[in-house]
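Examination of the molecular architecture
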Amino acid sequence: MAVKNNLKAPEKKVGFPIPVSSYKMILIGLGIVLLGFILMMGGGSDSPDEFNYDIFSFRRITLAPIVVLGGFGFVFWAIMRKPKQDKEN
């Protein structure tokens, strides 16, 4: 005798896999990454005969990479976060 399984598959929601609010967070994170790259710019010399030690400043060597990595981390968090469910469900 065959046993029937009355389990139903859960219904899938139709829509985007990433909510709209996450897209806003992703854009903010990309802005942070862009700010980090802007902080890395500059420090060149006008004359090729002289060396400018400004390329080794705290801003370019330490601060800017931390800002870039923080921006990428923020983007990763924005993609992976689980949005709050509506109370109507």
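Below is a summary of the structure that appears in this document. (Residues numbered from 1 in each chain as written. Predicted model: local features only at pLDDT ≥ 70, side-chain atom pairs only at ≥ 80, totals over all residues. Heavy atoms only, no water.)

Some remarks on a nonpolar patch on the surface
Nonpolar side chains collect at one region of the surface, where Phe51, Tyr53, Ile55, Phe56 and Ile61 lie side by side and expose about 570 Å² of accessible area between them. Counting through the fold element by element, Ile61 comes out in helix α2 (residues 58-80). (Patch = residues over 30% accessible without salt bridge, like charges linked within 9 Å, V, L, I, M, F, W, Y side chains within 5 Å. Areas by Shrake-Rupley, 256 points an atom, 1.4 Å probe, with all protein chains shown as cover. Salt bridge = Lys/Arg side-chain N within 4 Å of Asp/Glu carboxyl O. Helix = DSSP H or I, 4+ residues; strand = E, 2+ residues; numbered from the N terminus.)

Considerations on helix α1 (residues 20-40)
Its 21 residues place the ends of α1 31 Å apart at the C-alpha level, agreeing with the 30 Å of an ideal helix rising 1.5 Å per residue. Buried residues of α1: Ser22, Ile26, Gly29, Val33, Gly36 and Leu39, and no others. Buried residues along α1 cover an arc of 135° about the axis, so they all sit on one side. Residues Val20, Lys24, Leu27 and Leu34 are exposed on α1 and point more than 90 degrees away from its buried face. Check the buried side of α1 and you find it contacts α2. Just downstream of α1 lies Gly42, where phi reads positive at about 90°. (Expected span 1.5 Å × (residues − 1). Buried < 20%, exposed > 50% of the residue type's maximum accessible area, 1.4 Å probe, protein only. Arc of directions from axis to C-beta. Contact = heavy atoms within 4.5 Å.)

Examining the packing of aromatic side chains
Counted according to the given criterion, the structure contains 3 aromatic pairs. Measuring from centroid to centroid gives 4.9 Å for Phe51 and Tyr53, while their planes differ by 80°, and the two rings are edge-to-face. Tyr53 shares its class with Phe51; the two are exposed. Aromatic side chains Phe51 and Phe56 sit 6.1 Å apart centroid to centroid with 40° between the ring planes, which places their arrangement in the tilted category. Overall, the relative accessible area of 52% leaves Phe56 in the exposed class. Taken together through their ring pairs, the aromatic side chains of Phe51, Tyr53 and Phe56 make up a single cluster. (Phe/Tyr/Trp six-rings, centres within 6.5 Å; stacked < 30°, edge-to-face > 60°.)

With respect to α2
Helix length check: α2 (23 residues) gives 32 Å between terminal C-alpha atoms against 33 Å at 1.5 Å per residue, within 8%. When the local axis directions of α2 are compared, the greatest deviation, roughly 30°, occurs at Ala64, which is followed within four positions by the proline Pro65. Elements that come into contact with the buried residues of α2 comprise α1. (Bend = angle between axes of the 7 residues up to and from the residue.)

Thoughts on the side chain of Ser22
For Ser22, the location among the structural elements is in helix α1. For Ser22, the residues in contact, after removing those within four places along its chain, are Ala78 and Arg81.

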